[in-house]
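The lines below spell out each chain.
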Amino acid sequence: MSKTIDILCVIDAETLADAITNKTIAPGTLSKPTSLGDYSASNVYVFMITQGSRVVNDQAQSELTVDCEVGDNIRWTISNPGAGVNHSCMLYDFQSASIGTAITAPICLPLATKLYINGQPDPQKPAAIAYTSSAWQCTALAKTASVQYNWSFQLIDPTGKVVGYFSWDPFIKIDA
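Parameters and conventions
- Residues numbered from 1 in each chain as written.
- Predicted model: local features only at pLDDT ≥ 70, side-chain atom pairs only at ≥ 80, totals over all residues.
- Heavy atoms only, no water.
- Pairing = 2+ DSSP bridges.
- Helix = DSSP H or I, 4+ residues; strand = E, 2+ residues; numbered from the N terminus.
- Contact = heavy atoms within 4.5 Å.
- Axes fitted to C-alpha atoms, helices over the stretch in contact; angles between N-to-C directions.
- Phe/Tyr/Trp six-rings, centres within 6.5 Å; stacked < 30°, edge-to-face > 60°.
- Buried < 20%, exposed > 50% of the residue type's maximum accessible area, 1.4 Å probe, protein only.
- Core = buried A, V, L, I, M, F, W, Y, C linked by side-chain atoms within 4.5 Å.
- Arc of directions from axis to C-beta.

Visitor: Honestly, the pairing of strand S13 (residues 171-175) in this entry has me stumped. Any pointers?
Guide: Both faces of the sheet carry side chains from a regular strand, because those side chains alternate between them. Of the pairings in the sheet, the one linking strand S5 (residues 65-69) to S13 comprises five bridges and is parallel in character. By the bridge assignment for S13, Asp 67 is matched with Lys 173. Sheet analysis places strand S10 (residues 144-148) next to S13, joined by three bridges and oriented antiparallel. The residue bridging Val 147 from the neighbouring strand is Ile 172, located in S13.

Have a look at this one:
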């Protein structure tokens, strides 16, 4: 029976925005995002988290390798520690030489749900709010030791202006 493996990509948006301001990293463009580099460089900005049972290595690092089975869905969402208060992040482009052989091309899906927050005036009571996010999902097609892929994302300021475009490259392992 296929399962869905959720991967949360957390971007240190404030540090990345500061690096752009300080000109230590280029903001990139939509068609040419700035690579955040190998794992030692991208670990400064990107933290990937999934279910513990699906981690092959590098939980909470930029090159997280997840383990899945043929037929499983892999679903990515993105956030930042400020939860979009100062900056937001948005995944927008997925590249992999394994599309069509080991995995399907991801599609962007809306995720509408209820989110529970601290209620007012009593913060100990949960209050439900309608919440819609987006996620990208692909399906594992064939067993392979390693699928390297590349995600691009946009860093967006509170006014909706894109601050920069970036990419990094984690892995998937697909077992039979």
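Visitor: So what exactly am I meant to see when it comes to the environment of Tyr 116 here?
Guide: Relative to the elements of secondary structure, Tyr 116 occurs in strand S8 (residues 107-118). Apart from residues lying up to four places away in sequence, Tyr 116 is in contact with Pro 126, Ala 127 and Ala 128.

Visitor: Please clarify how the sheet that holds strand S6 (residues 73-79) should be interpreted in this entry.
Guide: The strands making up a sheet are joined through hydrogen bonds of the backbone, oriented either antiparallel or parallel. Pairing is mixed across the open sheet formed by five strands, whose spatial order is S3-S1-S6-S9-S8. This sheet does not close on itself; its edge strands, each paired only once, are strand S3 (46-49) and S8. For this sheet, the mean angle separating the axes of adjacent strands, direction not counted, is 30°.

Visitor: Before we go on, may I ask you to explain the packing of aromatic side chains in this structure?
Guide: Ring pairs (aromatic) are described by centroid distance and by the angle formed between their planes. In this structure the tally under the stated criterion is nine aromatic pairs. Arranged with centres 5.5 Å apart and planes meeting at 65°, the rings of Trp 136 and Trp 151 form a pair that is edge-to-face. Here the residue Trp 136 occupies a position in strand S9 (residues 126-139), and Trp 151 occupies one in strand S11 (residues 150-156), the gap between them amounting to 15 residues. Side by side, Trp 136 and Trp 151 carry an identical accessibility label, which is buried.

Visitor: How should the nonpolar core be read in this particular structure?
Guide: Buried together is how nonpolar side chains tend to be arranged in soluble globular proteins. Judged by nonpolar contacts, the single largest core of 37 residues is most densely connected at Ile 7, Leu 16, Met 48, Trp 76, Phe 153 and Ile 172. In this structure Ile 7 touches Met 48, Ile 49, Thr 50, Leu 64, Val 66, Ile 74, Arg 75, Trp 76, Thr 77 and Tyr 149, once residues within four positions along its chain are discounted.

Visitor: Would you explain helix H1 (residues 13-21) in this entry?
Guide: Helical periodicity: at 3.6 residues per turn, an α-helix aligns residues three or four positions apart in one direction. Residues of H1 that are buried include every one of Ala 13, Leu 16, Ala 17, Ala 19 and Ile 20, and no others. Buried residues along H1 cover an arc of 155° about the axis, so they all sit on one side. On its buried side, H1 packs onto strand S1 (4-11), strand S7 (88-95), S11 and strand S12 (162-168). Remark: Lys 23 follows H1 within two positions and exhibits a positive phi of approximately 60°.

Geometry only, nothing functional implied.
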